Amino acid sequence: MDPAPFASTEPEVRFLSKFAVFGLLFVRTLLFAIGLTAIGAAIYTTFDPMPLYSRPEDVPPFGDLVARQVTFVCAGLPLALPIAWTFGRRRNTIRALLVLLVVAPMCFEENPLSFLIRVFACFVGFAVILVWRTLWQLRSE
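Please read all numbers here as calculations on a predicted model, not as lab measurements.

## Section: the overall build of the protein chain
Next, step 1: The number of helices and strands found in the protein chain is six helices and zero strands.
Next, step 2: N-terminal to C-terminal, the α/β element order of the protein chain is α-α-α-α-α-α.
Next, step 3: Compactness check: the protein chain gives a C-alpha radius of gyration of 20 Å against a globular reference of 14 Å for 141 residues, more than 25% above the reference.
Next, step 4: For the C-alpha atoms alone, the extent of the protein chain along its principal axes is close to 70 × 30 × 20 Å.
Next, step 5: Long-range contacts, defined here as pairs at least 24 residues apart, represent 67% of the contacts in the protein chain between residues at least 6 apart.
Next, step 6: With the model as given, the accessible surface of the protein chain reaches about 9400 Å², and the carbon-plus-sulfur share is 73%.

This is how it looks when you write it as structure tokens:
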């Protein structure tokens, strides 16, 4: 006989299962909030960079400033988007948007190799969501 049906009727297992679902939903909500905060802060500091710099002379040119702030958008976008968009039917659209966000600022920044930071930011955002999705799928099995 398969021991799985007997184990799932135990009250401890049911409690831990509900606790795991609550924990995963809490983590997803936290990741969503972090992603929106990163995007919002990047947009805000693009138009008002003085919270980041002590003197107006320290503010880089606008193109370079935008290129730096797009890094936070690249990291926050995979966190803020629904999982179904990131890994579902719209995945190619989202990936094309992220490639555009990585490549487009290269025209404006002083150091074109800075795109590697945006690539790493996209990778980190995708990796975090991929780990969360894997844990969520393990829960459902």
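From this point, things continue past the structure.
## Details of the side chain of glutamate 109
Next, step 1: Along the polypeptide, glutamate 109 turns up in the loop between helix 5 (91-103) and helix 6 (115-140).
Next, step 2: Of the polar contacts made by the side chain of glutamate 109, one reaches the side chain of arginine 118; its length is 2.9 Å.
Next, step 3: Discounting residues that sit within four places of it in the chain, glutamate 109 has contacts with Asp64, Ala67, Ser114, Phe115 and Arg118.

## Here we look at the packing of aromatic side chains
Next, step 1: Summed over all chains, the structure comprises four aromatic pairs.
Next, step 2: Ring geometry for phenylalanine 15 against phenylalanine 19: centres 6.3 Å apart, planes inclined by 20 degrees, an arrangement best described as stacked. Placement of both phenylalanine 15 and phenylalanine 19 in helix 2 (residues 11-47) is noted, with a separation of four residues, approximately one turn of the helix. The two residues phenylalanine 15 and phenylalanine 19 agree in class, both being exposed.
Next, step 3: Above the plane of the ring of phenylalanine 87 lies arginine 133, whose end atom (NZ or CZ) is 4.4 Å from the centre.

## A word on the pattern of salt bridges
Next, step 1: In this structure the tally under the stated criterion is four salt bridges.
Next, step 2: The closest approach of N and O atoms between arginine 55 and glutamate 57, which form a salt bridge, is 3.9 Å.
Next, step 3: Using a relative accessible area of 45% as the deciding quantity, one classes arginine 55 as partly exposed.
Next, step 4: Of the residues examined, glutamate 57 reaches a relative accessible area of 62% and is grouped as exposed.
Next, step 5: A salt bridge links aspartate 58 to arginine 55; the nearest nitrogen and oxygen atoms lie 2.9 Å apart.

## Observations regarding the environment of arginine 139
Next, step 1: Relative to the elements of secondary structure, arginine 139 occurs in helix 6.
Next, step 2: Arginine 139 gets classed as partly exposed once you look at its relative accessible area, which sits at 32%.
Next, step 3: Between the C-alpha atom of arginine 139 and that of leucine 24, which follows or precedes it by 115 residues, the distance is 9.2 Å.
Next, step 4: Discounting residues that sit within four places of it in the chain, arginine 139 has contacts with Val21 and Leu24.

## Topic: a nonpolar patch on the surface
Next, step 1: A cluster of nonpolar residues, Phe15, Leu16, Phe19, Phe22, Phe26, Val27, Leu30 and Ile34, forms a patch on the protein surface that exposes about 860 Å² of accessible area.
Next, step 2: Within the secondary structure, phenylalanine 26 sits in helix 2.

## Some points on the confidence of the model for the protein chain
Next, step 1: Looking at the protein chain, pLDDT values average 87 and 92% of them are 70 or higher.
Next, step 2: Here helix 1 (residues 4-8) is the element of the protein chain with the lowest mean pLDDT, 52, and helix 2 is the one with the highest, 92.

Procedures and definitions
- Residues numbered from 1 in each chain as written.
- Predicted model: local features only at pLDDT ≥ 70, side-chain atom pairs only at ≥ 80, totals over all residues.
- Heavy atoms only, no water.
- Helix = DSSP H or I, 4+ residues; strand = E, 2+ residues; numbered from the N terminus.
- Rg over C-alpha atoms; globule rule 2.2 N^0.38 Å.
- Contact = heavy atoms within 4.5 Å.
- Areas by Shrake-Rupley, 256 points an atom, 1.4 Å probe, with all protein chains shown as cover.
- Polar contact = N/O pair within 3.5 Å; in protein donor to acceptor, adjacent residues only side chain to side chain.
- Phe/Tyr/Trp six-rings, centres within 6.5 Å; stacked < 30°, edge-to-face > 60°.
- Buried < 20%, exposed > 50% of the residue type's maximum accessible area, 1.4 Å probe, protein only.
- Lys NZ or Arg CZ within 6 Å of the ring centre and 35° of its normal.
- Salt bridge = Lys/Arg side-chain N within 4 Å of Asp/Glu carboxyl O.
- Patch = residues over 30% accessible without salt bridge, like charges linked within 9 Å, V, L, I, M, F, W, Y side chains within 5 Å.
- pLDDT = per-residue confidence, 0-100.

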